[in-house]
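If you want the building blocks of each chain, they are given just below.
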Amino acid sequence: METSHANAKLYVAAGGKIGGSMTVASYNHNAQHFFDQYQSLTFEQVHSDWFPLLEKQNGLVLDVGAGSGRDALALAERGWDVLAVEPALELRRLGEELTAHSSVQWLADSLPDLSEVRKLSYRFDLILVSAVWMHLAPSSRERAFRILTEQLAPAGMLVITLRHGPGDSDRQFFEVSRAELDSFARQRAVMPVPALQAPRADELKRQDVWWETAVYKLPDDGTGALPTLRHVIVNDNKASTYKLGLLRTLVRIADGAPGLVLNRTDDWVEVPLGAVGLFWIMLYHPLVLRHQLRQSPGKLGYGFAKDDFFKLQKFAPLDFRVGMSLSAEVAPIVLRAIRDACANILKNPAHFTTWPGSNRPIFEGGSQRIAIKSESVRLDKATLARFGTFRVPVMLWDAFSRYACWVEPAIVNEWIGLMSSWEVRYSMDVYHQGLQWVEGRRDTSTVRHMVDLQLQTGNVECIWTAKSLKGRRFEVDHCFPWSRWNNNDLWNLMPATHTANAAKSEKLPADSLLRQARPRVLSWWERAILGTEREAQFFSEAEAALPLFGQERTAEGVFEGMLQQRLRLKANLQLSEWLGV
């Protein structure tokens, strides 16, 4: 096959008439019938729901199960170079005649293997699998999906149309579901792309037949960060879960505690090494101490899990999260456990997590000696910086922050796969419980108690409506919605009427609404938190979570940090806004 793709990218349209020899034979024997049937519909009729999602106007396409060549021709006429794959000889011959004068190359191949396509080592900007998936046996689908995603170029898009309803006696049909495809996508760390969710009626007017479209994209933000992350998560060799643990630790810090950043240059983001060690312990605490889930094959211990780590068994991870004050009895145990974790991180995952195709470590870090005494300590930014520093490439840090909602599930999915390969006696529920982040529980009890105390001696106003909560049912609202950003910090929890809380639901308060609430927010903090035993915790939590909080510990400074965080969440998570009751 002769192809010329200088400065061009590949689109593969793979139409999988692949339900065994019976199906291929049917397409061969009835080639003219199927050709005429396909040509009776236009490309726009069949694919108008997803084609506008394409960001590029040309590139390389793989059309799997290309059939009559209708889609391949339409794409070529729009400026794409197309590799059309069709296993049925007679149907392929008709398609070749139709596309003879277009930039379409034909190949005899089929799913699940695509063995001929893979020999070409192309990477496609678009892969189209139209009216094919229902012919593929369920036992072959996971392999087929994996192979398809491996053919995608960075930012490439995979489109699979799903046919629902009865088949015919000449071809093999199997039930299909979007949920199954979504589960494969999580395993392969590709992102679902919102398309039209409504089912589509069959354009050929066949009774009880309907269609839906699933679209996925290989992530690429233009910096190379997401392909690098995907390589480490999915493809990199792993003798333990440590590489995944380090990535998830950094995602958690970037997303939930960006205020811990010590320094940022054009190339690096520097965070306290102690923060990396602390979040590491919080991740592995439930896995090792509560669920006893193996984090490497065999029965050997873990480099980070020394005596002090096991002494933490009687504590919950929330007892030593950022901002918490530790007693003189507990502080040395936690600090030594952090120190051991830091040493293991620098020696193992930070050293062996390397750039693709290189032995050069992605991350850099350096420890420093820390004197650990039997005295109370607050786990704030300054304390965590005493352990040393850890450096993350800027492009990866920004990807952790912007795409945490995609990156973290991909890490968790791969983590579960590793653990289950080493120890099969547990159910998936146990693995998911072990990997649930410790702040995965919505908790407003502390602030609710504060509201009750204030109501005993005076009045408390709803932050959003200014209505009195005295004698009225009230709620404690997560200013920035819990469902999209798990944060139980004191500064994020606000007294509100039941009506306002229900109306706000999971929306982000609009900038104008939050600014209008400023005097009530500041008044609440000053009355209920500042000047109490909770004040140090309040400021330490704000310092960690709010990226532009700064050095001055004032209520006004926290509120300004909230305004910046609101904008960050809106940009990164695309949250809908609430304008008030």
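Let's talk about the nonpolar core
Counting 86 residues, the largest nonpolar core has Y284, F304, F320, I338 and F390 as its most contacted members. No other element matches the 13 residues that helix α11 (residues 273-290) contributes to this core. Apart from the residues within four sequence positions on either side, F304 is in contact with Y242, W280, Y284, V288, F309, D340, A341 and N344. Counting 45 residues, the second largest nonpolar core, distinct from the first, contains C479, L490, V521 and L522.

A closer look at the sheet that holds strand β11 (residues 268-272)
Read from one edge of the open sheet, four strands run β10-β11-β15-β13, paired in antiparallel fashion. The sheet is open, and its two edges are formed by β10 (263-264) and β13 (364-367), each paired on a single side. Note: β11 against strand β15 (residues 388-393), five bridges, orientation antiparallel. Paired with V271 across the two strands is F390, which belongs to β15.

Comments concerning the side chain of D255
Tracing the sequence through the fold places D255 in helix α10 (residues 242-256). There is no salt bridge for the buried D255, and the closest opposite charge comes from R568, which lies 4.6 Å off by N-O distance. For D255, the residues in contact, after removing those within four places along its chain, are S401, A404, W485 and R568.

Digging into helix α16 (residues 394-402)
The buried fraction of α16 amounts to seven of the nine residues, a majority that puts the element mostly inside the structure. By the burial criterion, the buried members of α16 are V394, L396, W397, D398, A399, F400 and S401.

Observations concerning the side chain of D477
As for its placement among the helices and strands, D477 is situated in strand β16 (residues 474-478). At 3.3 Å, the side chain of D477 and the side chain of K504 are in polar contact. The residues touching D477, leaving out its near neighbours within four places in the chain, are W464, N492, L493, M494, A496, N501 and K504.

Rules and cut-offs
Residues numbered from 1 in each chain as written. Predicted model: local features only at pLDDT ≥ 70, side-chain atom pairs only at ≥ 80, totals over all residues. Heavy atoms only, no water. Core = buried A, V, L, I, M, F, W, Y, C linked by side-chain atoms within 4.5 Å. Buried < 20%, exposed > 50% of the residue type's maximum accessible area, 1.4 Å probe, protein only. Helix = DSSP H or I, 4+ residues; strand = E, 2+ residues; numbered from the N terminus. Contact = heavy atoms within 4.5 Å. Pairing = 2+ DSSP bridges. Lys, Arg positive; Asp, Glu negative; His and termini not counted. Salt bridge = Lys/Arg side-chain N within 4 Å of Asp/Glu carboxyl O. Polar contact = N/O pair within 3.5 Å; in protein donor to acceptor, adjacent residues only side chain to side chain.

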